[in-house]
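Next come the chains, spelled out residue by residue.
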Amino acid sequence: MEGAEEELERRSKFLKSLIQKKKTIEQQEQHDHLQHNNVRVRACDMPLPLQSRAFRCARDLLDSMPPKKLDSKRLALTLKKEFDSSYGPAWHCIVGTSFGSYVTHSLGGFVYFSIDKVYVLLFKTAVEPLDHS
Amino acid sequence: MLEGKAMVKETDMSPKMQIHAMASASQALDLYDVYDCISIAAHIKKEFDSVYGNGWQCVVGSNFGCYFTHSSGTFIYFALETLNFLIFKGTSS
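Here the structure is a predicted model, which means the values were calculated and not measured.

> Any chance you could explain the overall build of chain A here in plain terms?
Secondary structure assignment for chain A yields 3 helices and 4 strands. For chain A, the sequential pattern of α-helices and β-strands runs α-β-α-α-β-β-β. Counting every position in chain A, which comprises 133 residues, the buried fraction comes to 33%. For chain A, the proportion of contacts with a sequence separation of at least 24, taken over those separated by at least 6, is 59%. Carbon and sulfur atoms make up 55% of the accessible area of chain A, which amounts to about 9000 Å² in all.

> For this particular structure, what's the right way to read helix α2 (residues 37-52) of chain B?
Since one α-helical turn is 3.6 residues long, residues separated by three or four positions face the same way. Counted at 1.5 Å a residue, the expected span for α2 of chain B with its 16 residues is 22 Å, and the 22 Å between its end C-alpha atoms agrees. Those residues of α2 of chain B not exposed but buried are Cys-37, Ile-40, Ala-41, Ala-42, His-43, Ile-44, Lys-45, Phe-48 and Asp-49 of chain B. At its buried positions, α2 of chain B is contacted by β2 (91-102) of chain A together with α1 (15-31), β2 (56-67) and β4 (83-89) of chain B.

> Explain the nonpolar core here, please?
Looking at soluble globular proteins, one finds that nonpolar side chains tend to be buried together. Formed by 23 residues in total, the largest nonpolar core has its most connected members in Leu-75, Leu-79, Phe-83, Phe-113, Ile-115, Val-120 and Leu-122 of chain A. Counting residues per element, this core draws most heavily on helix α2 (residues 48-64) of chain A, at 7 residues. Sequence-distant contacts of Ile-115 of chain A, defined by excluding residues within four places in its chain, comprise Asn-37, Asn-38, Val-39, Phe-55, Ala-58, Arg-59, Leu-62 and Val-120 of chain A. By size, the runner-up hydrophobic cluster in this structure holds 22 residues, among which are Met-13, Ala-25, Ile-40 and Phe-48 of chain B.

> Sorry if this is basic, but what is going on with the packing of α1 of chain B against α2 of chain B here?
Residue and element names in this part refer to chain B. In the contact formed by α1 and α2, the axes pass within 9 Å of each other and the chain directions differ by 140 degrees. By the angle between their axes, α1 is oblique relative to α2. Seen from above, α1 lies across α2 with right-handed handedness. Contacts between α1 and α2 pair Met-17, His-20, Ala-21, Ser-24, Ala-25, Gln-27, Ala-28, Leu-29 and Leu-31 from the former with Ile-40, His-43, Ile-44, Glu-47, Phe-48, Val-51 and Tyr-52 from the latter.

> Would you take a moment to explain the interface of chain B and chain A for this structure?
The accessible area lost on association of the parts is a frequent measure of interface size. At the junction of the two partners, chain B supplies 26 residues and chain A supplies 26 residues. Put simply, chain B and chain A have 0 salt bridges between them. Scanning the region where chain B abuts chain A turns up 12 residue pairs in polar contact (both at pLDDT 80 or more). Here the side of chain B that touches chain A gets 12 residues from one element, more than from any other, and that element is β2 of chain B. Within the side of chain B that touches chain A, the residues separate by chemical class into 13 nonpolar, 10 polar and 3 charged. By the bridge criterion, 9 bridges tie β2 of chain A to β2 of chain B in an arrangement that is antiparallel. From the neighbouring strand, Phe-99 of chain A faces β2 of chain B, where its bridge partner is Gly-61 of chain B.

> Is there a simple way to explain the packing of aromatic side chains in this structure?
Ring pairs (aromatic) are described by centroid distance and by the angle formed between their planes. Under the counting rule described, the total for this entry stands at 13 aromatic pairs over all chains. Ring centres of Phe-48 of chain B and Trp-56 of chain B lie 4.9 Å apart, and the angle between their planes is 70 degrees; on these two criteria the pair is classed as edge-to-face. Among the residues examined, Phe-48 of chain B registers a relative accessible area of 0% and is labelled buried. Judged by its relative accessible area of 1%, Trp-56 of chain B falls in the buried class. In this structure an aromatic cluster arises from ring pairing among Phe-99, Tyr-112 and Tyr-119 of chain A together with Phe-64 and Tyr-77 of chain B.

> In this structure, what is going on with the sheet that holds strand β1 (residues 7-11) of chain B? I would like to understand it.
As a general point, the strands of a sheet are linked pairwise by backbone hydrogen bonds and lie either parallel or antiparallel. With antiparallel pairing, the 8 strands of this open sheet are ordered in space as β1(A)-β3(A)-β4(A)-β2(A)-β2(B)-β4(B)-β3(B)-β1(B). Single-partner strands in this sheet number two, and they are β1 (39-45) of chain A together with β1 of chain B. Within the sheet, the average angular offset between the axes of one strand and its neighbour, ignoring direction, is 25 degrees. In this structure, strand β3 (residues 75-80) of chain B lies alongside β4 of chain B, joined through 6 bridges in antiparallel fashion. Counterpart to Leu-80 of chain B in the pairing with β4 of chain B is Leu-83 of chain B. Sheet contacts for α1 of chain B: β1, β2, β3 and β4 of chain B; angle to β3 of chain B, the most-contacted strand, approximately 45 degrees.

The rules behind these values
Residues numbered from 1 in each chain as written. Chains lettered and ligands numbered in written order. Predicted model: local features only at pLDDT ≥ 70, side-chain atom pairs only at ≥ 80, totals over all residues. Heavy atoms only, no water. Helix = DSSP H or I, 4+ residues; strand = E, 2+ residues; numbered from the N terminus. Buried < 20%, exposed > 50% of the residue type's maximum accessible area, 1.4 Å probe, protein only. Contact = heavy atoms within 4.5 Å. Areas by Shrake-Rupley, 256 points an atom, 1.4 Å probe, with all protein chains shown as cover. Expected span 1.5 Å × (residues − 1). Core = buried A, V, L, I, M, F, W, Y, C linked by side-chain atoms within 4.5 Å. Axes fitted to C-alpha atoms, helices over the stretch in contact; angles between N-to-C directions. Parallel < 35°, antiparallel > 145°, perpendicular 65-115°, else oblique. Left-handed = near helix turned anticlockwise from the far one by under 90°. Salt bridge = Lys/Arg side-chain N within 4 Å of Asp/Glu carboxyl O. Polar contact = N/O pair within 3.5 Å; in protein donor to acceptor, adjacent residues only side chain to side chain. Nonpolar A, V, L, I, M, F, W, Y, C, P; charged D, E, K, R; others polar. Pairing = 2+ DSSP bridges. Phe/Tyr/Trp six-rings, centres within 6.5 Å; stacked < 30°, edge-to-face > 60°.

Here is the structure:
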């Protein structure tokens, strides 16, 4: 009986330590993720999956650009085209370090975030059918 | 009367609408400080919404690049004083 109790105690401690390690690893990964992406959402009306898509797209492109060389137009183009093709037209994207804007957007189609030292505004407007006249 | 010299960089607007855009920007600069880009943009956007129908977008600043889809004949990009102005109609249902 005493041997069995000791064995159970040992197994219990082992499992607890495994769980704790897993939690620690997950927390570290999340922290690394946020730190690496260096993203801060400033204003938003957009489902989470689309937000994540925008952040990942921006992060990937910025990482592929030469350091300290921001190509605002290229980032804006990339984001707009990706969202137009994935979520339908018409998306608009503004990227820069110094701008203000006032826009009308579709419901669920607006995010304004900063990544590194650049600001990104991505929003959607409804598209009317072309007038065939 | 325009203060300073406005310079159109790109547009597909009618000349009349272009003049209206630059006049609206000039008026906004009289009302707001040059650093208050959002109020300036809001002033212009609201003017265009009320005169030409809803769905206008306006971006004002000294450092930005952008890509957008606009209705035909509704886009202008110009510089006035230290700022750049982008106005376009992105269609609105």
